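# Fold and contact review
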Amino acid sequence: MNRTLGVCYYPEHWPEEIWAEDARRMVEAGLTWVRIGEFAWSRLEPSEGDAHFDWLDRAIATLGAAGLRVILGTPTATPPRWVLDKHPDMLALDAAGRARGFGSRRHYCFSHQGYLAECRRIVTKLALRYGANPHVAAWQTDNEYGCHDTTISYSAAARDAFRDWCAQHYQSPEALNRAWGNVFWSMDYASFDEIGLPNLTVTEPNPAHAMAFRRFSSDQVVAFNRAQTEILRRHTDAPLIHNYMGRITEFDHFALGEALDIASWDSYPIGFLMDRMDADEAHKARYLQQGDPDFQAFHHDLYRAVGRGRWWIMEQQPGPVNWAPWNPAPLPGMVRLWTWEAFAHGAETVCFFRWRQAPFAQEQMHAGLLRPDSSAAPGLAEAAEVAREIAQAPQAGTKCAKVALIFDYPSAWAWQVQPQGADFDYFRLVFAAYRSLRRLGLSVDVIAPDTDLAGYRLVLAPGIFTLSDALKARLAAHDGIVIVGPRAGSKTPDFTIPLPLPPALPGLDVAVSHVESLPPGHLREVAGGGAIAHWYEHLDGTAEPLVTLETGAAVMVGAGNLRYLGAWPMPGLWDKIIAAACAQAGLATEPMPEGLRLRDTGRERFVFNYAAHPQSYRGQPIPAAGVLRLALDG
Ligand code: GAL
């Protein structure tokens, strides 16, 4: 597969007379792909029964004639006003029971059958008309499922669908009552029709109820997407893609991705740093115009797994965005760096968002490759530079890493349902482990829990809510070093404490007797240096302590290749634990200077300098915001 570039374009935003010139300039810049259509529903169907596809025919023809390959989006993220008027109860309700209104986007509930029928109808029309169009070389379903907190809805449609879901899962109200422990506060149900949604309860709802609702909500997104892919598959052979997001965990991307050919995600490094990262002010200041050095890479590695090896960037920041609290511009070189970083992690295609900055509506302060007057914005030259560079290095792909980090979406829901410590966040825990691996110069595969572990010399499984017997057996039998925990396997799928007490790993005599969560700033020192924070588990059993608190109490125990970690390590302790595990696993580590990160692809080593000053790697200079490529033997 060759590395390619593309751009997001909205022909419906611009006079038709300039489409051909836009297309010519895209090709001139070295772009191959153009994504269109994902918000165009009101111009395709201005009112019920009124179809206007002629402009889209001409847009596709114009772009295709210039030599571009079109990614056509289904427009279901932006239902027009008449669809809402026809289905006034299609809006999602928030946890306070308020409808989320018209006037922006994603104003729909995944469970609403009337809206689903409208989606099926418009997708069928598009598929019939463009499924065999030679210029339409890929499809995008909807746009950013879950964006703007839209996975979960407390509508009547969601409630009815949830009752059905419960009936299918539990078969009888008695079985549900037993599984959830509804005897606890006289919460027993006599019929599935009595079950409500877990919002607006007096105090917290039963965590089993809340968790079931989170599983259901994820399933609804997966089913909504599948309704579209089933139609598209009947009419096209082009690959089907969805554009996922950064740090969105509300639905199971692995499950959704099964219906798609390629995973893609929308990468806004500086927006994420300002808006979506747990980082102190010094860190944010250091990377203000570069973005965090690990956040993009983590998602590249995650979505490579979601796409079963095939993944793209569907949108990448080309300049300042509009949606973070503050929106600095990328340092010169960063647009190129981000693009190469995606390729180094195996991306086939990187598309920029967007072609021309829109002078109107919500995103008028969001940069494009062009300014609103069509002159070039700084991102365009960097995109063109990468286009020239990939012409010399076309081959995409990356081999498996030696380190695997397990990521599990239900665990993110579980610890939101029951954090136990207010700042216990699953993504934050996994990302802390990932950062440490990267600080040690390691290339990482993020993997789903059911992935084959063969070939990995180090496997990390932090925070996994449930450990099935099969997964426990695979982890315990693995011939690389395996670090499980904290909090791993600490609940059953129905959100009860398992017996025997967790983690109950084969061959490791350790049980968590009780846990403590610690408020911010409360550290416990570890013997020999380092500290733990947030979370501490008191461990019983005869397994050998490998890391202890200064008091002598165990933090991590192990036997053979298997270790159980019963605490949340501070960064320095993560590094120590991982470096020791790597030493035992025969994996070389190389502590990285601040801002420098490595990625090995098999043939090449990429070195990325996220710092705002020049650095060097093994004697070779790397400019600020620069990329170094080194050949690897073997
Ligand atoms: C994405 C979205 C785009 C655009 C962009 C702005 O989340 O998919 O439509 O809104 O953000 O940065």
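Scroll up to find the structure this text is about.
This structure is a prediction, so every number in the text was calculated from the model and none was measured.

## Notes on the overall build of the protein
Helix and strand counts for the protein come out as 18 helices and 24 strands. For the protein, the spread of C-alpha atoms along the principal axes amounts to about 75 × 70 × 40 Å. Looking at the 634 residues of the protein, the share that counts as buried comes to 60%. Long-range contacts, defined as pairs at least 24 residues apart, comprise 71% of the intrachain contacts of the protein with a sequence gap of at least 6. Total accessible area on the protein stands at roughly 23700 Å², and carbon and sulfur atoms take up 53% of it.

## Things to note about helix 3 (residues 54–65)
For helix 3, built from 12 residues, the straight-helix expectation of 16 Å at 1.5 Å per residue is met to within 8% by its first-to-last C-alpha distance of 16 Å. Every buried residue of helix 3 is accounted for by W55, L56, A59, I60, L63 and G64. Down the axis of helix 3, the buried side of the element spans an arc of 160 degrees, and every buried residue falls inside it. Each element contacted by the buried residues of helix 3 is listed here: helix 1 (19–28), strand 2 (33–36), helix 2 (41–44), strand 3 (69–73), helix 5 (113–130) and strand 4 (136–140). Once helix 3 ends, the next one or two residues include G67, with phi positive near 105 degrees.

## Describing the nonpolar core
The biggest cluster of nonpolar side chains holds 178 residues, and the ones touching the most others in it are L72, F162, W180, F298 and L458. Considering every element that reaches this core, the biggest residue donor is helix 8 (residues 207–235), with 12 residues. Sequence-distant contacts of W180, defined by excluding residues within four places in its chain, comprise F162, C166, Y170, Y189, N206, A208, H209, A212 and D494. Counting 24 residues, the second-largest nonpolar core is a separate cluster that includes I406, I464, V484 and Y564.

## Overview of the site of the ligand
What surrounds the ligand is the set F39, R105, N143, E144, D266, Y268, E315, W323, F353, E363 and H366. Contacts to the ligand include E315, whose side-chain N or O atom sits 2.8 Å from an oxygen atom. Within the complex, the protein chains bury 95% of what would otherwise be the 310 Å² of accessible surface of the ligand. More than half of the atoms of the ligand fall within 2 Å of the grid points belonging to the largest pocket. A class-by-class count of the residues in the shell around the ligand yields four nonpolar, two polar and five charged.

## Considerations on the layout of surface pockets
One number sums up the size of the largest pocket: a volume of about 1400 Å³. Around the largest pocket, the lining comprises 49 residues; the ones closest to its centre are F39, R105, H148, Q362 and E363. Mapped onto the lining of the largest pocket, the elements with two or more residues apiece are helix 2, helix 10 (269–275), helix 15 (409–417) and helix 16 (426–439). Examining the composition of the lining of the largest pocket, we find that three residues originate from one element, helix 2, more than from any other. Within the lining of the largest pocket, the residues separate by chemical class into 19 nonpolar, 16 polar and 14 charged.

## Description of the packing of aromatic side chains
Scanning the entire structure with this criterion turns up 49 aromatic pairs. With a centroid separation of 5.0 Å and 75 degrees between ring planes, the pair formed by Y108 and F110 is classed as edge-to-face. For the pair Y108 and F110, a shared accessibility class is recorded, and that class is buried. A ring pair is formed by Y115 and F224, whose centres lie 6.4 Å apart and whose planes are at 15 degrees; its orientation type is stacked. Taken together, the positions of Y115 in helix 5 and F224 in helix 8 put the pair 109 residues apart, joining distant regions of the chain. A single burial state applies to Y115 and to F224, both of which are buried. The ring of F424 carries R487 above its face, with NZ or CZ at 4.6 Å from the centroid. Stacked on the ring of W340, the Lys or Arg R629 has its end atom at 4.6 Å from the ring centre.

## Brief notes about empty space enclosed by the protein
Going through the model one piece at a time under the given rule, you end up with three cavities of 30 Å³ or more. Here the largest cavity defines a volume of roughly 50 Å³. Taken together, C109, F110, S111, T151, S153, A158, F216, S217 and Q220 form the lining of the largest cavity. With three residues, helix 8 is the single largest residue contributor to the lining of the largest cavity. Each residue belonging to the lining of the largest cavity can be placed in one class, and the counts come to four nonpolar, five polar and no charged.

## Some thoughts on the packing of helix 13 (residues 334–344) against helix 14 (residues 378–392)
For the pair helix 13 and helix 14, the least separation of the axes is 8 Å and the interaxial angle reads 40 degrees. Taken together, the axis directions place helix 13 and helix 14 in an arrangement best described as oblique. Crossing of helix 13 over helix 14 shows right-handed handedness. Contacts between helix 13 and helix 14 involve M334, V335, R336, T339, W340 and F343 from the first element and G379, E382, E385, V386, E389 and I390 from the second. Its residues placed into classes, the contact of helix 13 with helix 14 shows six nonpolar, two polar and four charged.

## Details of the packing of helix 12 (residues 295–306) against helix 16
For the pair helix 12 and helix 16, the least separation of the axes is 10 Å and the interaxial angle reads 105 degrees. When the axis of helix 12 is compared with that of helix 16, the two are roughly perpendicular. Between helix 12, through F295, A297, F298, H299 and D301, and helix 16, the contact on the second element is made entirely by F427, V430, F431, Y434 and R438. Across the contact of helix 12 with helix 16, the residue classes break down as seven nonpolar, one polar and two charged.

So, how was this worked out
- Numbering of residues starts from 1 in each chain and follows the order in which that chain's sequence is written.
- Per-residue local features are limited, in this predicted model, to residues with pLDDT of at least 70; the limit for side-chain atom pairs, both in listing and counting, is 80 or more; totals at the level of whole chains, interfaces and linings are taken over all residues.
- Only hydrogens and water are set aside when side-chain values are computed; all heavy atoms of the structure are taken into account.
- Each helix corresponds to a stretch of at least 4 residues labelled H or I by DSSP, and each strand to a stretch of at least 2 residues labelled E; elements are numbered beginning at the N terminus.
- Whether a residue is buried, partly exposed or exposed follows from its accessible area with a 1.4 Å probe, protein chains only, as a fraction of its type maximum: under 20%, in between, or over 50%, in that order.
- Contacts: residue pairs with any heavy atoms within 4.5 Å of one another.
- Throughout, the Shrake-Rupley method with a 1.4 Å probe supplies accessible areas, and for residues the shown protein chains are the sole cover considered.
- Helices are assigned an expected span. That span is 1.5 Å times one less than the residue count.
- Taking the helix axis as origin, the arc is that swept by the directions to the C-beta atoms.
- As used here, the term nonpolar core means buried Ala, Val, Leu, Ile, Met, Phe, Trp, Tyr and Cys residues forming a set that is joined through side-chain atoms within 4.5 Å.
- Whether a residue is near a molecule or strand depends on its heavy atoms: it is near if one of them lies within 4 Å of it.
- Any pair of nitrogen or oxygen atoms within 3.5 Å is treated as a polar contact; in protein, a donor-acceptor pairing is required on top of that, and neighbouring residues in sequence qualify only through side-chain atoms on both sides.
- Computed over the protein atoms alone on a 1 Å grid, cavities are sets of points where a 1.4 Å probe fits but cannot get out and pockets are open sets with protein on both sides within 12 Å along at least five of seven lines; a residue lines them when it has an atom within 4 Å of a point.
- Just a note on the criterion: a molecule sits in a pocket or cavity if more than half of its atoms are within 2 Å of the grid points.
- For this classification, the nonpolar set comprises Ala, Val, Leu, Ile, Met, Phe, Trp, Tyr, Cys and Pro, the charged set comprises Asp, Glu, Lys and Arg, and every other residue, Gly included, is treated as polar.
- Grid points are joined across faces, edges and corners, and a volume is the space filled by probe spheres set on the points.
- Note on aromatic pairs: the rings of Phe, Tyr and Trp (six-membered ring only in Trp) are paired at centre separations within 6.5 Å, and the planes decide the class, stacked below 30 degrees, edge-to-face beyond 60, tilted for the rest.
- A ring is considered to have a charge above it if a Lys NZ or an Arg CZ atom is located within 6 Å of its centre and within 35 degrees of its normal.
- Under this scheme, a helix contributes an axis fitted over its contacting stretch, all axes are lines through C-alpha atoms, and angles between N-to-C directions fall in the 0 to 180 degree range.
- Working rule for angles: under 35 degrees goes down as roughly parallel, over 145 as roughly antiparallel, 65 to 115 as roughly perpendicular, anything else as oblique.
- Should the near helix be turned counterclockwise from the far one by less than a right angle, the crossing is left-handed, whereas a clockwise turn marks it as right-handed.

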